[in-house]
Structure formats: C-alpha cells, structure tokens
Amino acid sequence: MLYPQLNEKRLKISLDGIWSFLLGGEELDEQCLREPLKNPERLYVPASFNDQKADKRFYEHYGWAYYQKRFSLPIEAGKRTVLRFGAVAHSCIVYLNGKELIRHRGGFLPFEVEIQNDIKPVDNLLCVAVDNRINYSTLPVGNETNHAMFSSSLPDFESVKKTVLKNKNYPNFDFFNYCGINRSVCIYTTDESYIQDITVCADISGRVRVDAKTSCGERAKIDILSGDEILASGFAGEDLYVESPVLWEIGKPFLYTARVRLENDCYYQKFAFREVKTQGDSFLINGKPFYFKGFGKHEDSETHGRGIDEALNVKDISLMKWINANSFRTSHYPYSEEMLNLCDEEGIAVIAEAPAVGLNDKSYDKTFEYHKQVLADMINRDKNHPCIVMWSLANEPDSVSEKAYDYFMPLYELAHKCDPQSRPVTTVVCNNDYVKDRVAAAMDVICINRYYGWYIFPGDLDAAKQAMNEEMKHFESFKKPLMITEYGADAVSGIHSAASTMFSEEFQLEYYKAMNEVLDKYPFVVGEQAWNFADFQTVQGTMRVDGNKKGIFTRDRRPKLAAHYFKNRWEGIPDFNYKR
Ligand code: GCB
C-alpha cells in the first residue's frame, strides 16, 4: 500500500487534531457510530487514549472506545477520494455519515477505503469504534486467564474472587497495551485511473526495474530521478540502467526517486541501490560483512503512549548517531511509515518485526492464518524501504513446542515470496532449553534474546558469562550468522552502587561489559542490540518499577551510565568487517 502523497496530481488532507471521544463498554454501541456522541471528551489524534487524561479509566480501559470527527472539504468531481488510517489498535469499525465503510483488524498497519460516494461537501460525521481487547487469537497475543488466580490459596479468596476476576487485558508481552488511533488519519485524492502499488528492485550494478500496478491496467511511464535530473526513462516492468549508481550505505544513504506516471496520476517513489544477503556466517550489505550495533526499541512515550511522535523519532535517530549505533529492531510490531522514511534518509539499518509476540501452544492454531496476512501486509507496505535489511517473523514464540517448526516454516517461505528484494528472514527466540529450539537455526540469521545475569543467575555475572559462552558454542555449530537481538538489565536512573548491585546504573554497565566480552570472541556473532533503547511503560507488576527500566536512555531520552560505555565501545567498532 502506497504512503499518501501530496503532489501535482494528488491532494492530501490531514484529519489529525482534536476529536470527540467516549469510553465504551464490552458490547458495541452502534449508536455511537451513527449519531454524534453525547457529552464527549476531547482527545488528540494521533495518540493512544490511555495517557491523555488524568483519569484511571482511560489508563485501564477494556473494550470499545468511540472517536468522532466532523469535517467539511471541497469535493472535486470525478476524483477518487480515499480515507486512510496509519494504524488503529487493535481493531476497529469505521462509519461515515451513518454508513459502515470498513472493519479492520490489527493495530500496526494502515488501511484505507474509498469515500467519494459517501462524503458531502459540508458537515461529514466520521465515527470510529476501537476495540483494545487482546486474546489468544490476536497479534500481539493476550492471555485469557487471570493471574490473580494464583492467590486462590487465600482463606477468604472466594469473597474477593468476583472483583479480582473482572474482565481486563492480560498481555502476554512486556509493553503497555496502548490503544486508540495511534497514527495519522488523512483523506487523499487520485484520478479515477490511478497507480495502486509500486515495487522497485534495484541492484548494485545499476539495474532498476519499477513495477507499477494500475487500476486501469495501463502501463505507467517511469523516470529515474536523482534530485531534478532524469537519469533514465521507460515503462513499468522494463529494466532501466543508472550508470555507476551511488549506493545506499549505512550512515551514508543515497536515495533516488522513481517518478511513476499515468496520464492523470503521478507518484514519487524513493528507492536505493543496495543489496543485502547472508553468506556463510556473514551478513552482507553491499557485499561487505556488516556488524549490527544498536537496540530493540518501542514506540512509547509520555502522553502519546504508542501514538506517533515524529519529533521524538528525530531525537531517537539523533541519539543513535550520538551513541554510534547503526541499527534497531522494530520490536515488537511494525513501526510507523514515517519512522522508516526517516531511517531511509538517515542511513540506519532496520530489522522489521511482525506484531507477533507472545505466541505459544495455546495461540498457534488461532493466529496462523492471521499471522500470514499481517506478515504479507507488512512486507507489502515496507518492501521499498532501503533501511529494512531483515524481516523478523515474531518475537520469542514458544519455539520448543512441537508445533513451532510447522508454524514458522510456511511463514519463512511466505516472507521470502512476498519480498521482491528477498531480504534475510529471522525469528527472534529466547528459550532456556535452547538445544531443543526448532526454529532459530532454520532461519537465515539466528536471533537470540538472552538475560543471563538478570532473569537467570540474577546479579552473578561470572555465571552469566559462562552460560552465554556455552550457548554461543552451541549455536556456532550451525555456521550461520547470529545476532543478540536483546540483552540487558534494569537500571533505575539515579540509583548508583559502588558494588554494582542489580538495578543500579553501575550494574547495567558491568553487565554489558561482561556479556560483550563473551560475544566479542565469536566471529559468527554479527551484531549486538541492547534491550532497550529507552525505558518504556509496561503493565503494572512486582517485576516493574513504573515500567521496564532496561533503557540505555531514560524514557525522556537522557543517557544512563551505560550509554557512555556504548558510545565509546561502538566508536571503536566499524560498521563493516568487525572481527573479520
Ligand atoms: C524479553 C522480551 C521483551 C521484554 C524483555 C524484558 O525477552 O522480548 O519484550 O521487555 O525481555 O525486559 O524482560
């Protein structure tokens, strides 16, 4: 699906701003989709609803929530008019002027619907009902049992049972279930004959083929541009050539534009000449062995929740450059298109992850078909981004389960089939009994999350080093590249300890030194991504001090002690040929 664009043939109008809002219940109230809300609250879109009000009901909400926006717009006769949502978590129903337009499932990818037959010039009423419930069939996966049941040995448990067992979300994942209209809403127009989709394949020799799907079946005209200069011209589906192309490199990105034209439509698709593949135990970008330095991240911030914050995205990339990082993973869901556009421009390598976290034996049968769809949709949305160098099918599924191999191999094949650039594919795993893992080594790159010294052998870094070493010896035998996609320790900013005890900034620093000492011994380890870039919000619990504190930066993006260590370490590690 193309990102909406304002150009000489297309108009784009933003519907972002203050919307009317009401929290609902567990049953859908259709009236809230047909008529103006009674006594609505006011909320900003795009942003999660949870943290926008000083009100616990918003924070803990379970079930439906209703958004409404009134708008007028100058309608151009004969134009195709499309309403587009960047992402609404987790599922929604959209009505316009009392009529249902679309239902969409999944909280991290865009969807759109034509509205030219349903809009009026004045006073349209757009209504969106959003459901934030998660369970075994959603991605991400929610638990369906109440953990409070573990307290059932209390002598008076029966009397509190009713209260404890109230319906609420029990995420089977470690990030706050921020929901709502999380990304921008817009209306855009095209001609009735329009460009539906564009796929660019460019190899480092300078050959480029632009495929364009059009509504009328007409073959689109293609110009390859560098700035204003036309370097090559032809038609969709033809091989075009750019002599001595400037390659897209890590930290030194260079983007070209494919101008795709029909008589009355036009789209400017950025692309790059760069090549990604694995070879033996190397991960090659433009033929050179790459070393990933970076983070697992979240889309998470104060007030916005999981809502897009482009200023924060700019800051995060700037901090990544400050710390000498070159990459991150979109843990644990597809990030906004705006963030990927920025990474294309900034030369940051991205591992793009499907929203599949918390998968286990109970969910496998229920998520499979939907997982295939969401994976294909993600790759279709993101296929042209040069910044994406690998796809991740999921984070930490139960990959020891007997069902795991048969679940993941079709997804692995699907990812390769959907991707015109055939980027490497991985599934990020974390199993204590890693010898029995059925998925990791079947992927192109083995990606491991590991918390020795934290969850396993807490505080004992000697034991942690030994355990990490044993695990690396095991995975070395597969002769594939391996990355540590998560490792880390919580550090509460401002807690210091000369003895480097857990939760102090010193412990976090010592932890990373110890782990990196082991990882540095193994040339097949092609990358280290610390967990996490910044502190982030999670569900409340005894394991979390106002959220997960494994950030190298605080939630408001201030560096902890370990940030200075990584800045120094990564300055000394080149992007290419490390340990080679
Ligand atoms: C993990 C998960 C991540 C958690 C992290 C932690 O393995 O992939 O989502 O936040 O551990 O800090 O526990």
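Residues numbered from 1 in each chain as written. Predicted model: local features only at pLDDT ≥ 70, side-chain atom pairs only at ≥ 80, totals over all residues. Heavy atoms only, no water.

Some details on the overall build of the protein
So the rule is basically this: The numbering of helices and of strands both runs from the N terminus, where a helix is a DSSP run of H or I of at least 4 residues and a strand a run of E of at least 2. In this treatment the radius of gyration is a C-alpha quantity, and the globule benchmark scales as 2.2 Å times the residue count to the 0.38 power. Buried, partly exposed and exposed residues are distinguished by accessible area as a fraction of the type maximum, computed with a 1.4 Å probe on protein chains only: under 20%, between the cut-offs, and over 50%, respectively. In this analysis, two residues are considered to be in contact whenever any of their non-hydrogen atoms come within 4.5 Å of each other. We score Asp and Glu as negative and Lys and Arg as positive, and we do not count His or the chain ends. One atom stands in for each charge, and that atom is NZ of Lys, CZ of Arg, CG of Asp or CD of Glu.
Looking only at helices and strands, the protein has 10 helices and 32 strands in total. By the compact-globule yardstick of 25 Å for 580 residues, the protein fits well, its C-alpha radius of gyration being 24 Å. On the principal axes, the C-alpha backbone points of the protein span a range of 70 × 70 × 45 Å. Expressed as a percentage of the 580 residues in the protein, the buried residues total 59%. Counted over contacts in the protein with a minimum sequence separation of 6, partners at least 24 positions apart contribute 72%. If you average the places of the 70 positive and of the 83 negative side-chain charges in the protein, the two averages end up 1 Å apart.

Details of unusual backbone geometry
Note the cis peptide between Val 45 and Pro 46, where omega equals 10°. Note on placement: Pro 46 falls in the loop between strand E3 (41-45) and helix H2 (56-59). Across the junction of Leu 139 and Pro 140, the peptide omega takes the value 5°, indicating a cis bond. With phi around 70°, Asn 324 is a residue other than glycine that occupies positive phi space. Take Asn 324: it is sitting in the loop between helix H4 (310-322) and strand E26 (327-329). Despite not being glycine, Asp 546 shows a phi value in the positive range, around 50°. Relative to the assigned elements, Asp 546 resides in the loop between strand E32 (525-531) and helix H10 (561-571). Given the relative accessible area of 60%, Asp 546 is considered exposed.

Re the site of the ligand
Note the threshold: Nearness is defined per residue: one heavy atom within 4 Å of the molecule or strand is enough. A 3.5 Å cut-off defines polar contacts: any pair of N or O atoms within that distance qualifies, except that in protein one atom must be a possible hydrogen donor and the other a possible acceptor, and neighbouring residues in sequence count only when both atoms are side-chain atoms. Surface exposure here means Shrake-Rupley accessible area, sampled with a 1.4 Å probe, where a residue is shielded only by the protein chains that are shown. Under the scheme applied, nonpolar residues are Ala, Val, Leu, Ile, Met, Phe, Trp, Tyr, Cys and Pro; charged residues are Asp, Glu, Lys and Arg; polar residues are all the others, including Gly.
Asp 174, His 332, Glu 396, Tyr 455 and Lys 550 are the nearest of the 13 residues found near the ligand. One nitrogen or oxygen atom from the side chain of Glu 396 is found 2.3 Å from an oxygen atom belonging to the ligand. When the free accessible area of the ligand is taken as 320 Å², the share hidden by the protein chains comes to 91%. Partitioning the shell around the ligand into residue classes produces 4 nonpolar, 4 polar and 5 charged.

Considerations on the packing of H4 against helix H5 (residues 337-346)
Going by this rule: For helices, the fitted line uses only the C-alpha atoms of the stretch in contact; every axis is such a line through C-alpha atoms, and the angle between N-to-C directions lies from 0 to 180 degrees. Less than a right angle of anticlockwise turn of the near helix away from the far helix marks a crossing as left-handed, whereas a clockwise turn marks it as right-handed.
Axis separation between H4 and H5 bottoms out at 10 Å; the angle between their running directions is 35°. Crossing hand, H4 versus H5: right-handed. Every residue of H5 that contacts H4 at Glu 310, Asn 313, Val 314, Ile 317 and Lys 321 is listed here: Glu 338, Met 339, Leu 342, Cys 343 and Glu 346. Of the residues belonging to the contact of H4 with H5, the class tally is 5 nonpolar, 1 polar and 4 charged.

Let's talk about the sheet that holds strand E2 (residues 17-23)
Rules: In short, DSSP must find at least two bridges between two strands for them to pair.
Read across the open sheet, the 6 strands follow the order E3-E2-E4-E10-E7-E8; overall the sheet is antiparallel. On the outer flanks of this sheet lie E3 and strand E8 (99-105), each paired with one strand and no other. Strand-to-strand twist across the sheet, computed as the mean angle between neighbouring axes with direction ignored, equals 25°. With 8 bridges connecting them, strand E4 (residues 64-71) and strand E10 (residues 124-131) associate as antiparallel partners. Counted as the bridge partner of Ala 65 is Val 130 from E10.

So, the nonpolar core
So the rule is basically this: In these notes, a set of buried Ala, Val, Leu, Ile, Met, Phe, Trp, Tyr and Cys residues joined through side-chain atoms within 4.5 Å is what counts as a nonpolar core.
Counting 114 residues, the largest nonpolar core has Phe 283, Phe 295, Phe 408 and Ile 552 as the members making the most contacts within it. Counting residues in each nonpolar core, the second largest holds 31 residues, with Val 113, Ile 115, Leu 126 and Val 130 among its members.

A short note on the pairing of strand E31 (residues 482-486)
Defined as follows: Consider the strands pointing away from the viewer: the crossover is right-handed when the path from the first strand over the helix to the second runs clockwise.
With 5 of 5 residues buried, E31 lies mostly within the body of the structure. Relative to E31, strand E30 (residues 446-449) is paired through 4 bridges, and the arrangement is parallel. Along E31, the bridge assignment pairs Asn 449 with Glu 486. The handedness of the E30 to E31 crossover, carried by helix H8 (residues 461-476), is right-handed. Strand direction decides the pairing type here: E31 and E32, joined by 3 bridges, are parallel. The residue bridging Ile 484 from the neighbouring strand is Glu 528, located in E32. Note that the unit made of E31, helix H9 (residues 505-519) and E32 has a crossover that is right-handed.

Description of the side chain of Thr 81
Residue position: Thr 81 is located in strand E5 (residues 80-85). Setting aside anything within four residues of it in sequence, one finds Thr 81 in contact with Val 113, Glu 114, Ile 115, Gln 116, Ile 119, Ile 187, Tyr 188 and Thr 189.

Observations concerning the pairing of strand E25 (residues 292-296)
For E25, the buried fraction is high: 5 of the 5 residues fall into the buried class. Here 5 bridges tie E25 to E32, and the two strands are oriented parallel to one another. If you follow Gly 296 over to E32, its bridge partner there is Trp 531. Relative to E26, E25 is paired through 3 bridges, and the arrangement is parallel. By the bridge assignment, Gly 294 is partnered in E26 with Ser 327. For the crossover from E25 across H4 to E26, the handedness is right-handed.

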